Amino acid sequence: MADVFTTIYDWLTGLLAGWGASQLVIDLVMGLLGSIITVVYLLTLALVIIWVERKFIGRVQDRIGPNRVGPWGIFQNIADVVKLLFKEIIIPKGADLIPFMLAPAITVASVFLIWAAIPYARTLIGTDVNIGVLYLVAVSSLGVMAILMAGWSSNNKYALLGAFRAVAMLVSYEVPMILALLVPVILSGTLRVNGIVEGQGVWYVFSMPLAALIFYIAQVAEVGRSPFDVLEAESEIVAGFHTEYSGMAFAMFYLAEFLHAFTISAMTATLFFGGWRGPFAQQYPTLGIVYFFIKTFLLYMLNVWGRATLPRLRIDQIMSFCWKFLTPLALVLLVLSTLVDKVASILLEDVVPNYYAAGSLVEMLPRSAVLLSVNLLVGLLAVVWIARQGRKERQRLAALTSPAPIERQAAR
Amino acid sequence: MTITPVTIAFAIMAIFALGGGLGVVANRNLVHAALFLVLSLFGIAGLFVLLEAPFLAAVQVLVYVGAISVLITITIMVTRRIMGITETINRQWPVAAIAAALTLVTLGFVILSQFSGQMPVADVPPDTIARMGAAFASHQGYMLPFEVASVLLLAALIGAIVVARD
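These numbers come from a predicted model, not from an experiment.

Scoring rules and cut-offs
- Residues numbered from 1 in each chain as written.
- Chains lettered and ligands numbered in written order.
- Predicted model: local features only at pLDDT ≥ 70, side-chain atom pairs only at ≥ 80, totals over all residues.
- Helix = DSSP H or I, 4+ residues; strand = E, 2+ residues; numbered from the N terminus.
- Buried ≥ 20, exposed ≤ 12 C-beta atoms within 10 Å, placed from the backbone.
- Contact = placed C-beta atoms within 7 Å.
- Domains from an automatic or database assignment.
- Axes fitted to C-alpha atoms, helices over the stretch in contact; angles between N-to-C directions.
- Parallel < 35°, antiparallel > 145°, perpendicular 65-115°, else oblique.
- Left-handed = near helix turned anticlockwise from the far one by under 90°.
- Nonpolar A, V, L, I, M, F, W, Y, C, P; charged D, E, K, R; others polar.

Below, the discussion takes up the overall build of chain A. What chain A contains, in helices and strands, is 15 helices and zero strands. Summarising its shape, the C-alpha atoms of chain A cover approximately 105 × 75 × 40 Å along the three principal directions. The proportion of buried residues among the 412 residues of chain A is 39%. Across chain A, contacts joining residues at least 24 apart in sequence account for 77% of those joining residues at least 6 apart.

What follows is the structure, encoded as structure tokens:
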């Protein structure tokens, strides 16, 4: 029972080999089985997480949430899916049919492809490519093209404008995301996702919390969730690039958004929160999947909490936040932390012989302490800078709108 | 020639690459042509994977499909003049045909004379990424071209911002 996954895998391959299948057929069947199981469990999970989100947001907003369909409304999502299945997919006149139909499929595919490289346990990963992190980033950028296809083929100039805005936002937020993504790669020295997880003796969120925060914020913007959900803005611009979609095609976009939010929680958990690491996860790999899902769900609830409470940002606020704050912050953080890291490794050479150790908690403490102090310093400076910018902005607005002083009018 | 899964994968990727290329040049609709370009670039990324260069495949998808194709498509979509062009056959096609035929003959001659028969396949070391990283950072490696390329990209970025400000 310690390593459930390897046991099942060995039993299945033994069974197939006993039936006289060649190695090639065994690999093919196991690969197909893994893909099908991943897709099926993700689609089923989508029902659960959408229900959790609606209940949670309802409670935050002092209401109950869905409670009519089944006890506590747990069948609400099934009812929604059935409705969407039977709804007509209205194809607008003059719409380009093939891109119109392909766009939702590519969006959903780009989310599912991410799960191929995320480790659930020490011995359970779809494919441990040695370019893991780069693969995750490349696959995330596939969704951008799908949004353009959706906006253009709708034959609707407002959908097209919504698509342009969405693409501008997504492409902009890839920059701080990748800069923050460099941090686990630098700290663990490998691009393999399982290698990054195994290198987290001290979770990277404790040694570089600012980088984790930048990564999480940039990923939330990539998905298009509140407070960055100007992409769909249900109460303002109808629905942005997926205005003309209805029925199952819209359901695909809806599903892709929730699954993507869950996926980014999984990515953050893997890269910064130690993934499947936890007490006894090395000896009993089955525990790894439990820790992984606990962390992912907690981060997803953080995302839902943000959605329930934070107001929506305007698109120009979003863009200036990215380019004028997040990107310089990520650059400064990266350069300063690597510099201080290198200097500390030289200064502390006699005191701490094994500065660059990775893997065990105690060995990684000195380096984590150094990096944590750099992060806190940069975070403090960033907060001070924002406060000063905010004060200047408030003074500028007050000067614009203040009435003329009485003395000037009296002196005239 | 034995049909292995690698052969099948190569055939599929080659069809994507060549079919996509054909779609780019033969399509009347420019946006469709851009989408066929994306398909073709995907095929090339697949070919990189088959050549045991996963890093290049990932970078191809990230840079070409994720950024350059998006840029091309947005440019096509916002330029109204392009959408009004209706002629599909260039008037100088005889010259182009002669140039293409000459290129084909030259390339075919070179390839068939140099690469005939079975070529010994070079060994791909397992840690290509680590080696590439080391090569980018070493003096005997590619540190200078790396820095020069970075400066070039920075110049392009600043130039784009300056141009966009007006």
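Okay, the domain arrangement of chain B next. By convention, interface size is frequently given as the accessible area that disappears when the constituent parts associate. Per the domain assignment, the segments of chain B are domain 1 (1–85) and domain 2 (129–166). Summarising the inter-unit geometry, the C-alpha centres of domain 1 of chain B and domain 2 of chain B are found 25 Å apart.

This brings us to the packing of helix 1 (residues 4–18) of chain A against helix 2 (residues 23–60) of chain A. Residue and element names in this part refer to chain A. The contact between helix 1 and helix 2 brings their axes to 10 Å, and the two run at 140°. Here helix 1 is positioned oblique relative to helix 2, judged by the angle of their axes. Where helix 1 crosses over helix 2, the two elements pack in a sense that is right-handed. Judged by residue contacts, Leu12, Thr13, Leu16 and Ala17 of helix 1 engage Ile26, Val29 and Met30 from helix 2. Of the residues assigned to the contact of helix 1 with helix 2, the class counts are six nonpolar, one polar and no charged.

Now for helix 5 (residues 132–140) of chain A. The buried fraction of helix 5 of chain A amounts to nine of the nine residues, a majority that puts the element mostly inside the structure. Where helix 5 of chain A is concerned, the buried positions are Gly132, Val133, Leu134, Tyr135, Leu136, Val137, Ala138, Val139 and Ser140 of chain A.

So, about the domain arrangement of chain A. Residue and element names in this part refer to chain A. In terms of domains, chain A is made up of domain 1 (1–86) and domain 2 (88–335). Measuring from the centre of the C-alpha atoms in domain 1 to the corresponding centre in domain 2 gives 20 Å. Contact with domain 1, which involves 20 residues of that partner, is made by 23 residues of domain 2. Mapped onto the side of domain 1 that touches domain 2, the elements with two or more residues apiece are helix 1, helix 2 and helix 3 (76–86). Per-element accounting of the side of domain 1 that touches domain 2 gives the leading share, eleven residues, to helix 2. Looking at side-chain class alone, the side of domain 1 that touches domain 2 contains 14 nonpolar, four polar and two charged residues.

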